[in-house]
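# Overview (structure and organization)
In case you want the letters, here they are:
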Amino acid sequence: MDHCQKEIDLLTRCLILADDQLQQIQSLLMNSFNDGLKRETNPVAPVKMFPTFVREVPDEKNKYVEGKFLALDLGGTNFRVLLIELVGDELHHETEIYTIADELRNGTGEKLFDYIAECIFLFLDKRNLVEFRMPLGFTFSFPCKQEGLNSARLTTWTKGFKCTGVEGEDVVKLLREAIDRRNDIEVEVMAIVNDTTGTMVSCALQNKECRVGLIVGTGTNACYMETIENVELYNEDITDVNQVVVNTELGAFGDNNVLNFARTRWDHTVDQLSAEPGKQIFEKMVSGMYLGEIVRCILCELTQRRLVFGGKGSVQLMTPKGFKTAYISAIESDSKDDYLYTRQVMAEIGLRHATQSDYDMVKLICSRISTRAAHLVSAAVSTILNKMQRPYTTVAVDGSVYKFHPHFHQLLEEKTLQLVKPEIKFDIKLSEDGSGRGAALVAAVATKQDIQRKISTGNRLAFEPVNRKNSRMELKQFLKSCNETF
Ligand code: BGC
């Protein structure tokens, strides 16, 4: 190591979290979880621990209706519409991706929901399905207070969304209103879920011990199955259940400054430059929306100190969001001998003059940032596993950082193993596309319950096979499920 490299190594050592720091984080997070769960402390707790209306995983076929469902997935850079067909415990799906432009992210809620309704129309129209009334599961990946399986109030936007008139509102109602404004499609929103819940439910179809859902993508969050006595905010009217999925919203861990001991000056800068300073502190150290930005801030400082790139930066390096998180995954996939991706990344951001030694240093910084992220997630996963005290649990994971980073899974698994109580065994599994598929599954369970309720009470079905033009698809679905059960 030359003199510059030694200095860079020293300057960025604060990014390495020692085991005793991670243990401290575990115990702080456990306190935050408990504060969120208790009625008395919840109002001021940053980690909200929202009880959902999902109380079981659909691990037996007779719990859901087979057939076709629509699923919407809103929560990151893109918006997706999925058509999902459930046959036995198999899921087949077709997906269409629609981008959410910055104007939409920063505009009015009405415009956002009108756009969503338009995408649903385009999706159905392309498949000649406009005339059918479809049951729908909505994955809405923002902090929401659930008021029912198909009713959820947004508490606060995250991940750079700022649409007006949505915070404090029931987002299913806003979606319905947008659909009514068009008057050319009909859907029945059966369920609204967070992406963590969707991921868990979808994985549970094949993995019977799956009780944790984790997202490490644009944002970060986890849900898990909690025993009902621990969830003080749970609606006591419902007495026949002993467990419920809790959406932790752990991305907000640290919003009361408890994580400051582990944060660096670069974390503070990224927070200050973000759309919501002071909020989602844990998420900002872990997720795809921010990791590239932390690397950029470090590289800017090192350039100013003349420790990299001969002291000569580039416009893109100096521009916020100029270093994508995907670059980290690419750079860390390189072998030291060729630096194939690193060279291309450097060229793309105007740093063609970077040397071999610069490549080494860029890779070191990327790896310190992604390792720190993986270790923080390990602290979170192990805290949840320790809290649940199940002998064996599958953790379902989705999200771009987890999926595309070459070592994230391994780092996460190894550190979780060190941090979890020795008697607790676990498995970490990719639940690809779980969030959208899970919403459809929850909708399928809700449809089944709705049908059973109808049959036992004689009431009108929420999901009734309506003849928009003699719809046959839903009727078939309806009959099939009735035959199965009764
Ligand atoms: C949101 C969560 C979501 C997570 C992952 C966070 O910003 O608050 O609701 O689960 O991102 O998408």
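Residues numbered from 1 in each chain as written. Predicted model: local features only at pLDDT ≥ 70, side-chain atom pairs only at ≥ 80, totals over all residues. Heavy atoms only, no water.

### Digging into the overall build of the chain
What the chain contains, in helices and strands, is 17 helices and 13 strands. Radius of gyration (C-alpha) of the chain: 23 Å, near the 23 Å computed for a compact globule of 486 residues. Seen through its C-alpha atoms, the chain measures out along the principal axes to roughly 80 × 50 × 40 Å. Pairs at least 24 apart in sequence give 71% of the contacts found in the chain among residues at least 6 apart. Surface summary for the chain: the accessible area is close to 20,200 Å², and the carbon and sulfur share equals 49%. For the chain, the distance from the average site of its 58 positive side-chain charges to the average site of its 67 negative ones is 2 Å. (Helix = DSSP H or I, 4+ residues; strand = E, 2+ residues; numbered from the N terminus. Rg over C-alpha atoms; globule rule 2.2 N^0.38 Å. Contact = heavy atoms within 4.5 Å. Areas by Shrake-Rupley, 256 points an atom, 1.4 Å probe, with all protein chains shown as cover. Lys, Arg positive; Asp, Glu negative; His and termini not counted. Charge placed at Lys NZ, Arg CZ, Asp CG, Glu CD.)

### Observations concerning the nonpolar core
Of all hydrophobic cores here, the largest spans 83 residues; its most connected members are Ile25, Leu214, Val216, Phe309, Phe323, Met346 and Leu385. Considering each element in turn, this core owes the most residues, 16 residues, to helix H13 (residues 356-388). Discounting residues that sit within four places of it in the chain, Met346 has contacts with Phe309, Leu351, Arg352, Ala354, Tyr359 and Val362. Judged by nonpolar contacts, the second largest core, of 43 residues, contains Ile116, Phe138, Phe142 and Leu175. (Core = buried A, V, L, I, M, F, W, Y, C linked by side-chain atoms within 4.5 Å. Buried < 20%, exposed > 50% of the residue type's maximum accessible area, 1.4 Å probe, protein only.)

### Things to note about empty space enclosed by the protein
All chains considered together, the criterion is met by one cavity of 30 Å³ or more. Its volume calculated, the largest cavity comes out at about 90 Å³. Forming the walls of the largest cavity are 13 residues, and the residues nearest its centre are Gln146, Ile192, Val193, Asn194 and Asn247. For the lining of the largest cavity, the residue count by class is eight nonpolar, five polar and no charged. (1 Å grid on protein atoms, 1.4 Å probe; cavity = no way out; pocket = protein on both sides within 12 Å on 5 of 7 lines; lining within 4 Å. Points joined across faces, edges and corners; volume = space filled by probe spheres on them. Nonpolar A, V, L, I, M, F, W, Y, C, P; charged D, E, K, R; others polar.)

### Brief notes about the environment of Cys300
Along the chain, Cys300 turns up in helix H9 (residues 288-304). Residue Cys300 is classed as buried on the basis of its relative accessible area of 12%. Taking the C-alpha atoms as reference points, Cys300 and Ala326, separated by 26 residues in sequence, lie 18 Å from one another. Dropping the residues within four chain positions of it, Cys300 is found in contact with Leu317 and Met318.

### Observations regarding the site of the ligand
The ligand sits among 14 residues. The nearest are Thr158, Asn194, Asp195, Glu249 and Glu283. Take Asn194: an N or O atom from its side chain is 2.8 Å from an oxygen atom of the ligand. Its free accessible area being 310 Å², the ligand has 98% of it covered by the protein chains. Here the residues of the shell around the ligand are counted per class, giving three nonpolar, seven polar and four charged. (Near = heavy atom within 4 Å. Polar contact = N/O pair within 3.5 Å; in protein donor to acceptor, adjacent residues only side chain to side chain.)

### Focus: helix H12 (residues 340-348)
Of all the positions in H12, only Thr342, Val345 and Met346 are classed as buried. Along the axis of H12, the buried residues cluster in a sector spanning 100°; they form a single face. Against helix H11 (325-333) and H13 lie the buried residues of H12. (Arc of directions from axis to C-beta.)

### Re unusual backbone geometry
Phi at Asn257 is positive, roughly 75°, even though this residue is not glycine. As for its placement among the helices and strands, Asn257 is situated in the loop between strand E11 (243-247) and helix H7 (265-273). Phi is positive for Asp433, close to 60°, though the residue is something other than glycine. With respect to the helices and strands, the residue Asp433 is situated in the loop between strand E13 (425-430) and helix H16 (434-457). With relative accessibility at 21%, the residue Asp433 sits in the partly exposed group.

### Thoughts on the sheet that holds strand E4 (residues 90-99)
What the five strands build is an open sheet, ordered E4-E3-E2-E5-E8; its pairing is mixed. Strands at the two margins of the open sheet, each flanked by one partner only, are E4 and strand E8 (186-193). The sheet shows a mean angle of 25° between the axes of neighbouring strands, taken without regard to direction. Examined bridge by bridge, strand E2 (residues 67-74) and strand E5 (residues 133-140) share five bridges and lie parallel to one another. Its bridge partner lying in E5, Leu70 is registered against Leu136. Against the sheet, helix H4 (residues 109-126) contacts E2, strand E3 (78-87), E4, E5 and E8, and its axis sits at roughly 125° relative to E4. (Pairing = 2+ DSSP bridges. Axes fitted to C-alpha atoms, helices over the stretch in contact; angles between N-to-C directions.)

### Looking at the sheet that holds E13
As summarised here, the arrangement of the six strands in space is E1-E11-E10-E9-E12-E13, forming an open sheet in which the pairing is mixed. Each having just a single partner strand, strand E1 (50-51) and E13 make up the two edges of the open sheet. Direction of pairing for strand E9 (residues 210-216) relative to strand E12 (residues 392-398): parallel, over a ladder of five bridges. Of the residues in E12, the one forming a bridge with Val212 is Val395.

### Some details on the confidence of the model for the chain
Of all residues in the chain, 91% have pLDDT values of 70 or greater, and the mean over the chain is 90. The low-confidence segment residues 460-476 (pLDDT under 50) makes 40 contacts with residues lying over four places distant or belonging to another chain. Segment residues 478-486 is flagged for pLDDT under 50; beyond a separation of four residues in sequence, or across chains, it makes 16 contacts in the model. (pLDDT = per-residue confidence, 0-100.)

### Notes on the pattern of salt bridges
Enumeration according to the criterion identifies 27 salt bridges in this entry. Shared partners join several salt bridges into a network, and the residues in it are Glu94, Glu96, Lys126 and Arg127. (Salt bridge = Lys/Arg side-chain N within 4 Å of Asp/Glu carboxyl O.)

### Let's talk about the packing of H11 against H13
At a minimum axis distance of 9 Å, the contact between H11 and H13 shows a crossing angle of 115°. Viewed along their axes, H11 and H13 form a crossing whose handedness is left-handed. Contacts between H11 and H13 involve Ile328, Ile331 and Glu332 on the former and, on the latter, Val362, Lys363, Cys366, Ser367, Ile369 and Ser370. Residue classes in the contact of H11 with H13 are distributed as five nonpolar, two polar and two charged. (Left-handed = near helix turned anticlockwise from the far one by under 90°.)

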